[in-house]
Amino acid sequence: MPTVLKSFYTWYQKTLEHPQYRWIVIVASLIYLISPVDISPDFLPILGWIDDGVVASMLVTSLAQLLLSQRDRRRRDLKSEVSADSQTTVDVMPK
């Protein structure tokens, strides 16, 4: 991947990971996909769809990675809570 595209992709991922800017980037990406103003116009048969495909694939892959990392973090947190709870001793016999 050329360095310009790679740097743009890493910026896009980092911005999506930041909770303050996440929805701004998602909405801006969706507006770009819907709007008729593109880097390459859509009336060109294949060239016009390439930029939309790139933006759509970046959005989907970044959101999928973000959701998977949040799922893994929640599972890790639940496992740590369960392991902490399993080490406590409960006395069930009254004195």
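Above: the structure in question.
Predicted model only: the values in this text are computed from it and were never measured.

**Considerations on helix α1 (residues 3-17)**
- Taking 1.5 Å per residue, 15 residues should reach 21 Å; α1 reaches 21 Å between its end C-alpha atoms and fits that length.
- What α1 keeps buried is the set Tyr 9, Tyr 12, Gln 13, Thr 15 and Leu 16. Down the axis of α1, the buried set is contained in an arc of 165°. They therefore lie on one face. Across α1 from its buried face, at more than 90 degrees, point the exposed residues Thr 3, Val 4, Lys 6 and Lys 14.

**What about the packing of aromatic side chains?**
- The final tally for this structure, using the stated rule, is two aromatic pairs.
- A ring pair is formed by Phe 8 and Tyr 12, whose centres lie 6.2 Å apart and whose planes are at 40°; its orientation type is tilted. Residue Phe 8 and its partner Tyr 12 are located together in helix α1, separated by four residues, close to a single helical turn.
- Among the residues examined, Phe 8 registers a relative accessible area of 39% and is labelled partly exposed.
- Take Tyr 12: its relative accessible area is 4%, and that puts it in the buried class.
- The structure contains a cluster of three or more aromatic residues connected by ring pairs, namely Phe 8, Trp 11 and Tyr 12.

**A closer look at the nonpolar core**
- Tyr 9, Tyr 12, Leu 16, Val 25, Ile 26, Met 58 and Leu 59 form the largest nonpolar core, which has seven residues in total.
- Elements supplying a minimum of two residues to this core: α1, α2 (22-34) and α3 (47-86).
- Considering every element that reaches this core, the biggest residue donor is α1, with three residues.
- Ignoring any residue separated from it by four or fewer positions in sequence, one finds Met 58 in contact with Phe 8, Tyr 9 and Tyr 12.

**Some points on the packing of α1 against α2**
- Relative to each other, α1 and α2 sit at 125°, their axes nearing to 7 Å. The angle between α1 and α2 falls in the class oblique. Side by side, α1 and α2 meet where Tyr 12, Thr 15, Leu 16 and Glu 17 of the first sit next to Arg 22, Val 25, Ile 26 and Ser 29 of the second.
- In terms of residue class, the contact of α1 with α2 is built from four nonpolar, two polar and two charged.

**Thoughts on the pattern of salt bridges**
- Tallied over the full model, the rule gives one salt bridge.
- Two residues, Arg 71 and Asp 72, come together in a salt bridge whose shortest N-O distance is 3.6 Å.
- The exposure class of Arg 71 is partly exposed, given its relative accessible area of 40%.
- Here Asp 72 falls in the partly exposed class, since its relative accessible area comes to 37%.

Rules of the game
- Residues numbered from 1 in each chain as written.
- Predicted model: local features only at pLDDT ≥ 70, side-chain atom pairs only at ≥ 80, totals over all residues.
- Heavy atoms only, no water.
- Helix = DSSP H or I, 4+ residues; strand = E, 2+ residues; numbered from the N terminus.
- Expected span 1.5 Å × (residues − 1).
- Buried < 20%, exposed > 50% of the residue type's maximum accessible area, 1.4 Å probe, protein only.
- Arc of directions from axis to C-beta.
- Phe/Tyr/Trp six-rings, centres within 6.5 Å; stacked < 30°, edge-to-face > 60°.
- Core = buried A, V, L, I, M, F, W, Y, C linked by side-chain atoms within 4.5 Å.
- Contact = heavy atoms within 4.5 Å.
- Axes fitted to C-alpha atoms, helices over the stretch in contact; angles between N-to-C directions.
- Parallel < 35°, antiparallel > 145°, perpendicular 65-115°, else oblique.
- Nonpolar A, V, L, I, M, F, W, Y, C, P; charged D, E, K, R; others polar.
- Salt bridge = Lys/Arg side-chain N within 4 Å of Asp/Glu carboxyl O.

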